[in-house]
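Breakdown of the fold
This is what each chain is made of:
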Amino acid sequence: QVQLVESGGGVVQAGGSLRLSCAASGRTFSSYAMGWFRQAPGKERKFVAAYRWSTYYADSVKGRFTISRDNVKKAVYLQMNSLKPEDTAVYYCAAQYGNNFFDVEAYNYWGQGTQVTVSS
C-alpha cells in the first residue's frame, strides 16, 4: 500500500517555474514506477512524465519539465520551467507496480492532486 501527497502547486505567470513534490509512504517506494499526470477542466487525465530506471515525458513538456526521484526520502518531483497557460491543470502523482508508464489505467495509487494555474 502506498499513500501519495502532492504539494507545490500555485499560480504563476507564463514563463515562470514551479516545482511539484510528491511524498510517499510505504516500505518499497523504490520498486514502484512513479508518474505525473494532469487534468484540465472538462478534459481527460493525461500523462506528463514518469520515472523508473529512465525518465519519460509527454511531447508537450519535453525540454521544459524534469522528473526526478529520491528513493531515500521516498519522494518524486516535477520541475516545471517555461510554463504556459496550457499547462494549467490539476497535477497528480501516481505509482504503479508495472512498466506501462503512459497509461493512466496502469497506475495503482494516486495522490489527491495539486492545482497549477499559469496566467498569461
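The notes below deal with the structure included here. (Residues numbered from 1 in each chain as written. Predicted model: local features only at pLDDT ≥ 70, side-chain atom pairs only at ≥ 80, totals over all residues. Heavy atoms only, no water.)

**Here's the deal with the pattern of salt bridges**
- Under the defined criterion, the tally for this structure stands at three salt bridges.
- With a closest N to O distance of 2.8 Å, Arg 38 and Asp 87 form a salt bridge. Placement of Arg 38 in strand S4 (residues 33–39) and of Asp 87 in the loop between strand S8 (75–80) and strand S9 (89–96) is noted, with a sequence separation of 49 residues between them. The pair Arg 38 / Asp 87 is uniform in exposure class, with both members buried.
- The salt bridge partner of Arg 64 is Asp 87, with a shortest N-O separation of 2.7 Å. (Salt bridge = Lys/Arg side-chain N within 4 Å of Asp/Glu carboxyl O. Helix = DSSP H or I, 4+ residues; strand = E, 2+ residues; numbered from the N terminus. Buried < 20%, exposed > 50% of the residue type's maximum accessible area, 1.4 Å probe, protein only.)

**Quick word on the packing of aromatic side chains**
- For the structure on display, the rule yields 11 aromatic pairs.
- Between Phe 47 and Phe 102, the ring centres sit 4.7 Å apart and the planes meet at 65 degrees, which makes this aromatic pair edge-to-face. Here Phe 47 is found in strand S5 (residues 46–51), whereas its partner Phe 102 is found in the loop between S9 and strand S10 (109–110), with 55 residues between them in sequence.
- Phe 102 sits in the partly exposed class, given a relative accessible area of 48%.
- Ring centres of Tyr 56 and Phe 102 lie 6.0 Å apart, and the angle between their planes is 85 degrees; this geometry places the pair in the edge-to-face category. (Phe/Tyr/Trp six-rings, centres within 6.5 Å; stacked < 30°, edge-to-face > 60°.)

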